[in-house]
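# What the coordinates show
Given next are the chains, with one letter for each unit.
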Amino acid sequence: MFAASLGGGLCLAVGVSAGEPADGQELAQWVYDRPEGDDAVQRGRMILDGPGRSQRERSFYEYRLQVEAEEVWNLVRFTEPSDVADTAMLTRDYPDGSTDQWLYLPALDRVRRVASERMGGRFVDSDFFFEDLRDRKVHQDEHEYMGREEFEGLPVFRLESRPVEGDNSVYTLRDQWIHEDSHVPLRIDYYQGDEEPTKRLTVQALEQHQGYWTVVESTMEDLQSGHQTRFLVAEVVYDQGLPQDLFSRSALSGPGRERAYRP
């Protein structure tokens, strides 16, 4: 393994590819099955910027728990600035592809369920939709392997994924560039029915922490408005043994029990 800094700004460790997938279904399964630990906690910053938008920065912690093979619970808690402090989002993704999401708004001191039809709504005014926070299952899409390419000088697999049922996604196509070694998507173009993508997710930095590939810098861009939301991860800790009650509706209104697990 060796560290590489690439012309487009992407930094990661580069290794040897595990081979070529037989088809899109197998490649999509590789991406979904890549090791991410039994649980993880990240400390990071969200930076919102772009034309006509004053730059805003938010600090957050993100907690993830692998409950079962395809059941994932995720909690995002903002800590700064004061106008968003303690705002939290809880997402529970189930093996059948269904999702429950709740948003805690401290100003109202209430937990509000996010309706499934709001999956195209923007998460805390960012360029991420509520759907982007969900753990999408392989069986929810039809996958087409488009062959090998290069992205920022790195070997990647090209994968196109379209929803099996159109009403379970706001996107009609996800065009993905998958890093051959880590199986992490380094770029995803999101389409919403048009010939051109409306959003683009790009990974700028990918590192190994405790043996797990970890995206430590990424940007979601609204290609129509030019607005961007950057995620910068400062610290991450895997496999602490996070308790399930950390991911309950009752825990949303108080961050106290989370603090013992923060890096």
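The paragraphs below set out a description of the structure included in this document. (Residues numbered from 1 in each chain as written. Predicted model: local features only at pLDDT ≥ 70, side-chain atom pairs only at ≥ 80, totals over all residues. Heavy atoms only, no water.)

## Focus on unusual backbone geometry
Note that the residue after Glu80, namely Pro81, is joined by a cis bond; omega there is -5°. Backbone geometry places Asp86, a non-glycine residue, at a positive phi of 75°. Among the secondary structure elements, Asp86 is positioned in the loop between strand 5 (71–80) and strand 6 (88–93). In this structure, His183 is a non-glycine residue whose phi angle is positive, near 65°. Tracing the backbone through its elements, the reader meets His183 in the loop between strand 11 (173–179) and strand 12 (185–191). (Helix = DSSP H or I, 4+ residues; strand = E, 2+ residues; numbered from the N terminus.)

## Here we look at the pairing of strand 10 (residues 154–163)
Of all 10 residues in strand 10, eight are buried, a share of seventy percent or more. In terms of strand pairing, strand 9 (residues 141–151) meets strand 10 through 10 bridges, oriented antiparallel. Looking across to strand 10, one finds that Glu150 is bridged to Pro155. Inspection of the sheet shows strand 10 paired to strand 11 by six bridges, in the antiparallel sense. Across the sheet, Glu160 pairs through a bridge with Asp175, a residue of strand 11. (Buried < 20%, exposed > 50% of the residue type's maximum accessible area, 1.4 Å probe, protein only. Pairing = 2+ DSSP bridges.)

## Considerations on helix 1 (residues 24–33)
Along helix 1, the residues classified as buried are Gly24, Leu27, Ala28, Val31 and Tyr32. Along helix 1, the residues classed as buried sweep out an arc of 140° about the axis, all on the same side. Of the surrounding secondary structure, the elements contacted by the buried residues of helix 1 are strand 9, strand 10, strand 11 and strand 12. Sitting at the amino-terminal end of helix 1 is Asp23, which places a side-chain oxygen 3.3 Å from the backbone nitrogen of Gln25. (Arc of directions from axis to C-beta. Contact = heavy atoms within 4.5 Å. Polar contact = N/O pair within 3.5 Å; in protein donor to acceptor, adjacent residues only side chain to side chain.)

## Observations concerning the nonpolar core
Met46, Phe60, Phe78, Met89, Phe123, Tyr190 and Leu201 are the most contacted members of the largest nonpolar core, which totals 19 residues. Those elements that place two or more of their residues in this core are strand 3 (39–50), strand 5 and strand 12. If sequence neighbours within four positions are ignored, Met89 has contacts with Asn74, Leu75, Val76, Gln101, Trp102, Leu103, Val114, Phe123, Phe130, Leu133 and Leu252. Trp73, Leu75, Leu90 and Phe247 belong to the second-largest nonpolar core, a separate cluster that totals 15 residues. (Core = buried A, V, L, I, M, F, W, Y, C linked by side-chain atoms within 4.5 Å.)

## Observations concerning the pattern of salt bridges
Taken as a whole, this structure holds 23 salt bridges when the rule is applied. With a closest N to O distance of 3.4 Å, Glu258 and Arg262 form a salt bridge. The pair formed by Glu258 and Arg262 is uniform in burial state, with each residue classed as buried. (Salt bridge = Lys/Arg side-chain N within 4 Å of Asp/Glu carboxyl O.)

## A short note on the packing of aromatic side chains
For the coordinates displayed, the defined rule picks out 11 aromatic pairs. Judged by centre distance (5.3 Å) and plane angle (85°), the rings of Phe60 and Phe231 are edge-to-face. Residue Phe60 is located in strand 4 (residues 53–68), and its partner Phe231 is located in strand 15 (residues 228–238); the two are separated by 171 residues in the primary sequence. Since its relative accessible area comes to 17%, Phe231 is described here as buried. Ring centres 5.0 Å apart and planes at 80° place the aromatic pair Phe128 and Phe231 in the edge-to-face group. Of this pair, Phe128 sits in the loop between strand 8 (110–113) and strand 9 while Phe231 sits in strand 15, placing them 103 residues apart in sequence. An identical accessibility class is assigned to Phe128 and Phe231; each is buried. Members of the aromatic cluster, connected to one another through ring pairs, are Phe60, Phe78, Phe123, Phe128, Phe130 and Phe231. Geometry around Trp177 places Arg187 over its ring, the cationic atom sitting 4.2 Å from the centre. (Phe/Tyr/Trp six-rings, centres within 6.5 Å; stacked < 30°, edge-to-face > 60°. Lys NZ or Arg CZ within 6 Å of the ring centre and 35° of its normal.)

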